[in-house]
Amino acid sequence: YEALPYVWGTEDAKIRVPVVESAFPSVQRAFWLRPNVHEALKCLRSPDKIRIMWVDALCINQEDWNERSSEVKRTDIIYKLAHSCSLAWSSITPWQE
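Residues numbered from 1 in each chain as written. Predicted model: local features only at pLDDT ≥ 70, side-chain atom pairs only at ≥ 80, totals over all residues. Heavy atoms only, no water.

J.: Help me out: how do you make sense of the overall build of the chain in this one?
T.: For the chain, the helix and strand inventory stands at four helices and five strands. For the chain, the α and β elements follow one another from N to C terminus as β-β-β-α-β-α-α-α-β. The long-range share in the chain, meaning contacts at least 24 apart out of those at least 6 apart in sequence, stands at 55%. A total accessible area of about 7,600 Å² is found for the chain, and carbon and sulfur atoms account for 56% of it. (Helix = DSSP H or I, 4+ residues; strand = E, 2+ residues; numbered from the N terminus. Contact = heavy atoms within 4.5 Å. Areas by Shrake-Rupley, 256 points an atom, 1.4 Å probe, with all protein chains shown as cover.)

Here you go:
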């Protein structure tokens, strides 16, 4: 798998992304993503191959504080075991004078 660390940012998770589970294609679910995560995933997707990615916004239940706390402690292992790790992603606005 590949890992995608990123800066959380301040924007709300407002982009709905539908998810189709291969084992249960009739089950419809969705994730709500922050714009910076959505943009990163769009930029990193490959038109000709499947990519397996670990993105904490998707892989960790953000509503469950116990799960978040537990998983955050393991992120160093997750990144070390990843086949590759993309650059941290942020929706930083360019600096202006």
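J.: Explain the nonpolar core here, please?
T.: Generally speaking, nonpolar side chains in soluble globular proteins are found buried as a group. Core analysis: the largest hydrophobic core is formed by seven residues, namely L4, L33, V37, A40, L44, V55 and A57. Looking at which element gives the most residues to this core, the answer is helix α1 (residues 35-44), with three residues. (Core = buried A, V, L, I, M, F, W, Y, C linked by side-chain atoms within 4.5 Å. Buried < 20%, exposed > 50% of the residue type's maximum accessible area, 1.4 Å probe, protein only.)

J.: Where do I start with the environment of W54 in this structure?
T.: Relative to the elements of secondary structure, W54 occurs in strand β4 (residues 53-54). Residue contacts for W54: discarding those within four places in its chain leaves Y1, E2, A3, L4, C59, I60, T75, I78 and Y79.

J.: Honestly, the pairing of strand β2 (residues 15-20) in this entry has me stumped. Any pointers?
T.: Working note: regular strand, side chains alternate between the two faces of the sheet. For β2, a buried count of zero out of six residues is recorded, marking the element as mostly open to its surroundings. Inspection of the sheet shows β2 paired to strand β3 (residues 28-33) by six bridges, in the antiparallel sense. Bridging across to β3, R16 finds its partner in W32. (Pairing = 2+ DSSP bridges.)

J.: Can you help me understand the pattern of salt bridges in this one?
T.: Two side chains that carry opposite charge are able to pair once their charged atoms sit near each other. Under the defined criterion, the tally for this structure stands at three salt bridges. Between E39 and K42 there is a salt bridge whose closest N-O contact spans 3.1 Å. Residue E39 and its partner K42 are both found in helix α1; the two are separated by three residues, about one turn of the helix. A relative accessible area of 36% means that E39 is categorised as partly exposed. Ionic pairing is found between E71 and R74, a salt bridge with its closest N-O pair at 3.6 Å. (Salt bridge = Lys/Arg side-chain N within 4 Å of Asp/Glu carboxyl O.)

From the geometry alone we can't say anything about function, so treat these as descriptive.
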